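Each chain is listed here by its residues.
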Amino acid sequence: MTESPVGAPQISAGAPGIPTQQVGIPHRPESPLWTATILLVEDDAGDAMLVEEMLSDSELDSALTWCKTLGEARTFLRASTAPVCVLLDLHLPDVHGLDAVRQILETDDEAAIVVLTGLEDSGTGLRAVAGGAQDYLVKGRLGPEILSRAIRYALQRKEVERAAAALRANQLMAQENARLERGLLPVPLLRDDLFRARARYEPGRVHGLLSGDFYDVVQTADGTVHAVIGDVSGHGAAEAALGVCLRVAWRTAVLCGTSHVEQIALLEEILVAERSDAHVFATVTSLVFPPDRRSVEILRAGHPGLLLRQGTGVTWVEPEGGMALGLLPGTGRWPTVDIPLSPGAGLVLFTDGLFEGRDGPESRLGEEGLLAMAEANGHLPASAFVDALVAGAAEGAAPYGGLADDVAVLHLAWGSEDDEH
């Protein structure tokens, strides 16, 4: 190792076991960018001394580690935990040309690289930048200010590249997740236009399209329309996945001709098998609309009541029901209740997120408040009615943190779009 001139920072050899010396720049001590290691990969002792002297004359309070071969440099990089700026000569005993840049990046893809070239080799420097280096310097034109600036800029560019790469990766993942979630959102399976289903879905999960709330509508070959709405306890991705699982299982059971009560028993079995926590449960309301249009069969498992719309009037309906799914697996009993339907009547199902939001410092909208809001908007057609309920609940809760829970609303009625009042 070449001796350093008196007063200059000492170059430490890049052998294993020797502590890495770090560059300290007092302006930004909180950033890892300003506590980076400088690694000089250079087999010429005279050039190494020149770089050392320039660093000692620069504004950097610097020290550097010197490796004479690429092999030594790769060993050093594997052991380093701090950000590294590599000053890289392309003509080394064990590698020649741009392959040195490739091997450095293979060893540590987060290292910032400044290539050192000869006076007649600026084209190689440009090709090195295209190959992954952050900058290049011509040895014969080096100066303390140029060198320190190149080191700072290389580290900054590498930091920006890492941030941009992470952002792109996050964006791609978010786009992929959104595509998957959109593919899992329910699309009513209706065989004709003689039945109307209008829905609104508002997940409480930030940036999520799906939540633990779920719904679906399926019309079988005999003209019977089946509908379900449910709410898995909790608000995370696991609950959203479980909600999708239950919805798909329900649709499969309907299409396979499973009876109404057996559908709910099956959902409980799947819930218990798939839930990640024994305390997770789900509430469900399931409806069957026979093709004669005269009545609807309702089955409730711990779920809130529903709204019955007849003309411009709205009433709260809460038929007898059983316990929520998963509370006491295997012991649930869920009675079915038939209620008559007059021509043009509609039923509105929802999850409790619609009425459990705060509308005052110590009060919530509640079922009575939701019914009053529904009565005030009873003149609206189905889609506008659903939107009005969600907007009204959200507006009332806005001063108190907004709607914190997931919301699903489903408006169901016989008739074509022309019949929608």
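Calculation notes
- Residues numbered from 1 in each chain as written.
- Predicted model: local features only at pLDDT ≥ 70, side-chain atom pairs only at ≥ 80, totals over all residues.
- Heavy atoms only, no water.
- Core = buried A, V, L, I, M, F, W, Y, C linked by side-chain atoms within 4.5 Å.
- Buried < 20%, exposed > 50% of the residue type's maximum accessible area, 1.4 Å probe, protein only.
- Helix = DSSP H or I, 4+ residues; strand = E, 2+ residues; numbered from the N terminus.
- Contact = heavy atoms within 4.5 Å.
- pLDDT = per-residue confidence, 0-100.
- Pairing = 2+ DSSP bridges.
- Axes fitted to C-alpha atoms, helices over the stretch in contact; angles between N-to-C directions.
- Patch = residues over 30% accessible without salt bridge, like charges linked within 9 Å, V, L, I, M, F, W, Y side chains within 5 Å.
- Areas by Shrake-Rupley, 256 points an atom, 1.4 Å probe, with all protein chains shown as cover.
- Salt bridge = Lys/Arg side-chain N within 4 Å of Asp/Glu carboxyl O.
- Parallel < 35°, antiparallel > 145°, perpendicular 65-115°, else oblique.
- Left-handed = near helix turned anticlockwise from the far one by under 90°.
- Nonpolar A, V, L, I, M, F, W, Y, C, P; charged D, E, K, R; others polar.

(A) Spatial organisation of the nonpolar core. Of all hydrophobic cores here, the largest spans 24 residues; its most connected members are Leu-287, Phe-289, Val-296, Leu-347, Leu-349 and Leu-412. At the level of secondary structure, the elements contributing two or more residues to this core comprise strand E9 (195-202), strand E10 (213-219), strand E11 (225-232), strand E12 (282-289), strand E13 (295-301), strand E14 (306-310), strand E17 (346-350) and strand E20 (407-414). Looking at this core, the element that brings in the most residues is E20, giving four residues. Discounting residues that sit within four places of it in the chain, Val-296 has contacts with Leu-287, Val-288, Phe-289, Pro-290, Val-337, Asp-338, Ile-339, Leu-341 and Leu-347.

(B) Just unusual backbone geometry, in detail. A positive phi is found at Arg-293, a non-glycine position, where the angle reads about 65 degrees. With respect to the helices and strands, the residue Arg-293 is situated in the loop between E12 and E13. What makes Arg-293 partly exposed here is its relative accessible area of 34%.

(C) Looking closely at the confidence of the model for the protein chain. The share of residues in the protein chain with pLDDT of 70 or more is 86%, and the mean pLDDT across the chain is 85. Segment residues 1-33: pLDDT under 50, and 76 contacts once partners within four positions in sequence are set aside and those in other chains are kept.

(D) Spatial organisation of the environment of His-379. Summarising the element assignment, His-379 is placed in the loop between helix H8 (366-376) and helix H9 (382-397). Through-space distance from the C-alpha of His-379 to that of Val-314 is 9.6 Å; in sequence the pair is 65 residues apart. In contact with His-379, other than residues within four places in its own chain, are Arg-309 and Thr-312.

(E) Spotlight on the sheet that holds E14. Strand order across the open sheet formed by five strands is E9-E20-E17-E14-E15, with antiparallel pairing between neighbours. Each edge of the sheet is formed by a strand with only one pairing partner; in this case those strands are E9 and strand E15 (313-317). Adjacent strand axes in the sheet meet at a mean angle of 20 degrees, parallel and antiparallel pairs treated alike. Pairing of E9 with E20 involves eight bridges; the strand directions are antiparallel.

(F) Summary view of a nonpolar patch on the surface. Together, Met-323, Leu-327 and Leu-328 make up a nonpolar patch on the protein surface, roughly 260 Å² of accessible area in all. Tracing the chain through its elements places Leu-328 in the loop between E15 and strand E16 (336-340).

(G) Up close: the sheet that holds E13. Spatial strand order, E10-E11-E12-E13-E16: five strands in an open sheet with antiparallel pairing. On the outer flanks of this sheet lie E10 and E16, each paired with one strand and no other. When strand polarity is set aside, the average angle formed by the axes of neighbouring strands in this sheet is 15 degrees. The pairing of E11 with E12 spans eight bridges and is antiparallel. Opposite Val-228, over in E12, you have Ser-286 as the bridge partner. Where helix H6 (residues 237-255) meets the sheet, its contacts fall on E10, E11 and E12, and the angle it forms with E10 comes to roughly 15 degrees. Strands in contact with helix H7 (residues 260-274) are E11, E12, E13 and E16; relative to E12, the strand with the most contacts, it is inclined by about 155 degrees.

(H) Layout of the packing of helix H2 (residues 70-79) against helix H3 (residues 99-107). Two elements in contact, H2 and H3, have axes separated by 9 Å at closest approach and are oriented at 20 degrees. Classified by the angle between their axes, H2 and H3 sit roughly parallel to one another. Crossing handedness for the pair H2 and H3: right-handed. When H2 is examined against H3, the residues Leu-70, Ala-73, Arg-74, Leu-77 and Arg-78 are found in contact with a partner set consisting of Ala-100, Gln-103, Ile-104, Glu-106 and Thr-107. Taken together, the residues of the contact of H2 with H3 sort by class into five nonpolar, two polar and three charged.

(I) The arrangement of the environment of Ser-233 in detail. In this structure, Ser-233 sits in the loop between E11 and H6. Considered as a pair, Ser-233 and Val-280 are 47 residues apart in the sequence and their alpha carbons are 5.8 Å apart. What Ser-233 contacts, discounting residues up to four positions off in sequence, is Glu-239, His-279, Val-280 and Phe-281.

(J) Inspection of the packing of H8 against H9 at higher detail. Running from N to C, H8 and H9 point in directions that differ by 135 degrees, and their axes come no closer than 10 Å. Taken together, the axes of H8 and H9 are oblique relative to one another. The chirality of how H8 crosses H9 is right-handed. Facing H8, whose interface residues are Leu-370, Met-373 and Ala-374, H9 presents Phe-385, Ala-388, Leu-389, Gly-392 and Ala-393. Of the residues assigned to the contact of H8 with H9, the class counts are seven nonpolar, one polar and no charged.

(K) Quick peek at the environment of Val-280. Structurally, Val-280 is set in the loop between H7 and E12. By relative accessible area, which is 8% here, Val-280 ends up buried. Sequence separation between Val-280 and Gly-234 is 46 residues, and the spatial gap between their C-alpha atoms is 7.5 Å.

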